Amino acid sequence: MQRVLTVPTTIRRTWQKNSILSLLGLVVLLPLIFSCAGPGASSTKKQTANQCTTPREVPSSMQHSRQETNVTPTDVTVNYDKQTTSTSQFAAGITQSDNQMTQGYGNDDCAIGKVYTQIKQGVKYMNTSIMAWGLPDPWPDPSTPNPTDWGALDARIQTAIHLGQTPVITLAEAPWWMKGEYDGHGKTKQLTANDEWQPIAYSSRILDNKMDKWTHLVQAVAERYMQPPYNVRTFQVWNELKGYFNPDINSYDYTISPGQANGANARHGYTYMYNQVYSTIMNVANAQHINQQDIKIGGPYVVLDTWSNGAQSSHPSHLSKAYGVIDQRPLDVIQYWLQHKSGAGFITFDGSLENRDTGHILNHQPFAAADVFADTVKWMRSLDPTTYPGATTLPIWLAEWYASSQENNSSSFDKDNALKASTMMQFIQAGGGVALSWNNFGAGGADYGLWTSTQKANGGLAYPWYTTYKTLTQDFGAGTILYNTTISDPAQIGALASNTKLMLVNKTAHKVNVHLNQSTITLTPYQVILTNLTQGSSRNEGPIPCGQYRSNKPCS
């Protein structure tokens, strides 16, 4: 039976993103006594200097005895090949998808300070949209000649710069009066002011006869933020092809067609819009005497859907593994965009481990599904660069990525860390570049994100995944020489090797003895550690054991 790709894909994602704050209210963590701080954290609660000091992490000791059984530890051998190498392109990034990193909005200043410190220590890129996801419309009134409401966007980019990040701007969404939803059969529904923040706004594209207004907004963004003190050089174009689904063809409008500009139609193709944006930004660079080689613009930012099996998809691809079947339509978008783009600085896409038709991970085996992003990178690199220019050379970004075990139990802290680590390790090995984390404060359930909510007086604590994310950037980041690894049982153990380090992840709920060279390392359930290859020793780069979970013991 064929399933039709319909608008709810993007609406579901949109509501998921916008409901983070509500979901966090369902997660109850008993208080830990700790100290906190960070650059720029001012307090209105009369906190003293010794109350805001070093940030602490959520402990990982989720009572491992509950996870372990009496099963005898299994044995796995890991080898690495110094003769087979590649160079990492990876860097950790985050997207400001809500206002939990902004003073005010009910946030605790001290908690924000801790998060700022963690960003400064463990993240390289900080992305924001130009509106929505916590930001107002910069140009809500079509009767005014130019956008004027820049304050909130200014603050976000200033925060990125203050924390030493490379700022990234995603050119999405757009003011209501520029957009329309294509409903099929030649009919376009124009938005009204009341639709600005409604679901329809996230299933709409720029009207064909408003493309000049959209590029004027893009020009205004570029002129403001490419100059000091912001100096933005990196842009993503649109978000998840929102509004570009065409029910008439059961696929996306992704061509270079300009549409029908003789009326309020939404018929143009994504690549046409992308090329208009690309030219606009490059023209601003020329006017500001900025080297065009320094400007990095990425697309097509398409959602990589997977299905539980080929029969559930109207457009199954030949890419099929334990995660299911990858939909052919986003692959078509990427191929066409590569062929017809005016230029690009990187390729960007997003996806999750869940199947589109069920909303769950196939066979409830998250670690088996964790290579879907890596496989997508490998597929892109396999394309003929003569036919698809940039396929083998352009950096490949994850604009958003979602990896959750979908389990919420006593082991889920460590399992969440292990699953995300395994997913990113494979992405790095495949040659993936920047990965932008969206749900930084978690999405509820077992998807914990990087740190706890800042809307609590004792919030902003780093989850285990933050420490691993930081370690991946520090020890396996862009420019690092990577060695090929061989694992006797990759279903149990994941490994990532550099010229000096080896990261190991236990993918199981039992202990595993890992044999490496002449030594043996025992990994506890879902443990992530870092081994120093130059000295043959190992150290755990996982969460700092600050007291015990559900304990009031202070951190030393």
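Small disclaimer: the values here were computed from a predicted structure and weren't measured.

Colleague: Go over the overall build of the protein chain, please, and point to the residues and values.
Modeller: Per the secondary structure count, the protein chain includes 12 helices and 24 strands. Residues classed as buried in the protein chain amount to 59% of the 556 residues present. Approximately 21,000 Å² of the protein chain is accessible, and the part contributed by carbon and sulfur atoms is 49%.

Colleague: I'd like a rundown of the sheet that holds strand 14 (residues 324-327), residues and numbers included.
Modeller: Backbone hydrogen bonds hold the strands of a sheet together, and the pairing may be parallel or antiparallel. If you trace the 3 strands from one edge of the open sheet to the other, you get 12-14-13, paired in antiparallel fashion. Bordering the open sheet on either side are strand 12 (306-307) and strand 13 (316-321), each of which pairs with just one other strand. Pairing geometry for strand 12 and strand 14, over 2 bridges, is antiparallel. Following the sheet pairing, tryptophan 307 is matched in strand 14 by valine 325. Seen against the sheet, helix 8 (residues 328-340) touches strand 12, strand 13 and strand 14 and runs at an angle of roughly 40° to strand 14. Contacts from helix 10 (residues 372-382) reach strand 12, strand 13 and strand 14 within the one sheet, and its direction differs from that of strand 13 by about 125°.

Colleague: Account for the packing of aromatic side chains, with residues named and values stated.
Modeller: A complete count under the given rule lists 25 aromatic pairs for this structure. Ring plane angle 45° and centroid distance 5.2 Å describe the contact between tyrosine 448 and tyrosine 463, whose orientation is recorded as tilted. One end of the pair, tyrosine 448, is in the loop between strand 17 (434-437) and helix 12 (464-476); the other, tyrosine 463, is in the loop between strand 17 and helix 12, and 15 residues separate them in sequence. The pair formed by tyrosine 448 and tyrosine 463 is uniform in burial state, with each residue classed as buried. Here the aromatic residues Trp214, Trp238, Tyr244, Tyr270, Tyr274, Tyr278 and Trp337 are joined through ring pairs into a cluster of three or more.

Colleague: Got a sec to walk through the pairing of strand 1 (residues 74-87)? Specific residues and values, please.
Modeller: With 5 bridges joining them, strand 1 and strand 21 (residues 512-516) adopt parallel strand pairing. Each bridged residue has a counterpart across the sheet, and for valine 78 the counterpart in strand 21 is leucine 516. Alignment of strand 1 against strand 18 (residues 481-487), held across 7 bridges, turns out to be antiparallel. Among the inter-strand pairings, valine 78 is bridged to a residue of strand 18, identified as isoleucine 487.

Colleague: Any details on the environment of alanine 172? Residues and values, ideally.
Modeller: In this fold, alanine 172 is placed in the loop between strand 4 (166-171) and strand 5 (179-184). You can call alanine 172 buried: its relative accessible area is 0%. Taking C-alpha positions, alanine 172 is 9.8 Å from tyrosine 202, a pair spaced 30 residues apart along the chain. Once residues lying within four places of it in the same chain are set aside, the contact partners of alanine 172 are Ser129, Ile130, Met131, Trp214, Trp238 and Asn239.

Colleague: Go over the pattern of salt bridges with me, naming the residues and quoting the values.
Modeller: Taken as a whole and judged by the stated rule, the model has 10 salt bridges. Close ionic contact of aspartate 371 with lysine 321 constitutes a salt bridge, the shortest N to O distance being 2.8 Å. You can see aspartate 371 sitting in the loop between helix 9 (366-369) and helix 10 and its partner lysine 321 sitting in strand 13, a full 50 residues away along the chain. Bridged by salt links that share partners, the residues Lys321, Asp371 and Asp375 form one connected network.

Colleague: Describe the sheet that holds strand 6 (residues 187-190), with residues and values.
Modeller: The strand order 6-5-7 describes an open sheet built from 3 strands, whose pairing is antiparallel. With one partner strand each, in any of the chains shown, strand 6 and strand 7 (205-206) form the two edges of the open sheet. Where strand 5 lies against strand 6, 4 bridges are found, and the strand directions are antiparallel. By the bridge assignment, glutamate 181 is partnered in strand 6 with lysine 189.

Colleague: I'd like to hear about helix 6 (residues 211-225), residue by residue, with values.
Modeller: The end-to-end C-alpha separation of helix 6 is 21 Å, in line with the 21 Å expected for 15 residues at 1.5 Å each. Those residues of helix 6 lying buried are Met211, Trp214, Thr215, Leu217, Val218, Ala220, Val221, Ala222 and Tyr225. Contacts made by the buried residues of helix 6 are with helix 5 (151-162), strand 4, strand 7 and helix 7 (270-287).

Colleague: Account for the packing of helix 10 against helix 11 (residues 412-430), with residues named and values stated.
Modeller: The interhelical angle for the contact between helix 10 and helix 11, taken along N-to-C directions, is 10°, at an axis separation of 7 Å. The angle between the axes of helix 10 and helix 11 places the two elements in the roughly parallel class. Of helix 11, the residues touching helix 10 (which contributes Phe373, Ala374, Val377 and Lys378) are Thr423, Gln426, Phe427 and Ala430. Looking at the contact of helix 10 with helix 11, its residues break down into 5 nonpolar, 2 polar and 1 charged.

Colleague: Hey, could you go over the packing of helix 4 (residues 109-122) against helix 12 for me, with residue numbers and the actual values?
Modeller: Where helix 4 contacts helix 12, the two axes come as close as 9 Å, and the packing angle between them is 30°. As judged from the angle between their axes, helix 4 and helix 12 are roughly parallel. From helix 4, Gln118, Gln121 and Gly122 reach across to helix 12, where they touch Tyr466, Lys470, Thr473 and Gln474.

Colleague: Account for helix 11, naming residues and giving values.
Modeller: Over its 19 residues, helix 11 extends 27 Å from the first C-alpha to the last, a length consistent with the 27 Å expected when each residue adds 1.5 Å. Backbone geometry just after helix 11 places glycine 431 at a positive phi near 105°.

Colleague: Quick rundown of unusual backbone geometry? Include the residues and the values.
Modeller: A cis amide bond links alanine 172 with the next residue in sequence, glutamate 173, at an omega value of -10°. Among the structural elements, glutamate 173 can be located in the loop between strand 4 and strand 5. Cis geometry is found at the peptide bond from glycine 299 to proline 300, where omega equals -5°. Along the chain, proline 300 falls in strand 11 (residues 296-304). Unusually for a residue other than glycine, tyrosine 301 sits at a positive phi of about 55°. By the secondary structure assignment, tyrosine 301 is in strand 11. Overall, the relative accessible area of 1% leaves tyrosine 301 in the buried class.

The rules behind these values
Residue numbers here run from 1 along each chain, matching the order of that chain's written sequence. For this predicted model, a pLDDT threshold of at least 70 governs which residues receive local features, and a threshold of 80 or more governs which side-chain atom pairs are given and counted, while totals over whole chains, interfaces and linings are taken from all residues. Heavy atoms throughout the structure, all of them, feed into the side-chain values; hydrogens and water do not. Strands here mean DSSP runs of E at least two residues long; helices mean DSSP runs of H or I at least four residues long; both are numbered from the N terminus. A 1.4 Å probe rolled over the protein chains alone gives each residue an accessible area, and that area as a share of the maximum for its type sets the label: buried under 20%, exposed over 50%, partly exposed in between. Using a 1.4 Å probe, the Shrake-Rupley method yields the accessible areas, and only the shown protein chains count as cover for residues. Each pair of strands is called paired provided DSSP finds at least two bridges between the two strands. Contacts: residue pairs with any heavy atoms within 4.5 Å of one another. Axis angles are defined between N-to-C directions and span 0 to 180 degrees, where every axis is a line fitted to C-alpha atoms and, for a helix, only to the segment in contact. Whether two aromatic rings pair depends on their centres lying within 6.5 Å, for rings of Phe, Tyr and Trp, where Trp uses its six-membered ring; planes under 30 degrees apart make the pair stacked, over 60 edge-to-face, and the rest tilted. Whenever a carboxyl oxygen of Asp or Glu lies within 4 Å of a side-chain nitrogen of Lys or Arg, that contact is scored as a salt bridge. Each residue after the first adds 1.5 Å to the expected span of a helix. Roughly parallel here means an angle under 35 degrees, roughly antiparallel means over 145, roughly perpendicular means 65 to 115, and every remaining angle is called oblique. Three residue categories are used. Nonpolar comprises Ala, Val, Leu, Ile, Met, Phe, Trp, Tyr, Cys and Pro, charged comprises Asp, Glu, Lys and Arg, and polar comprises the others, including Gly.

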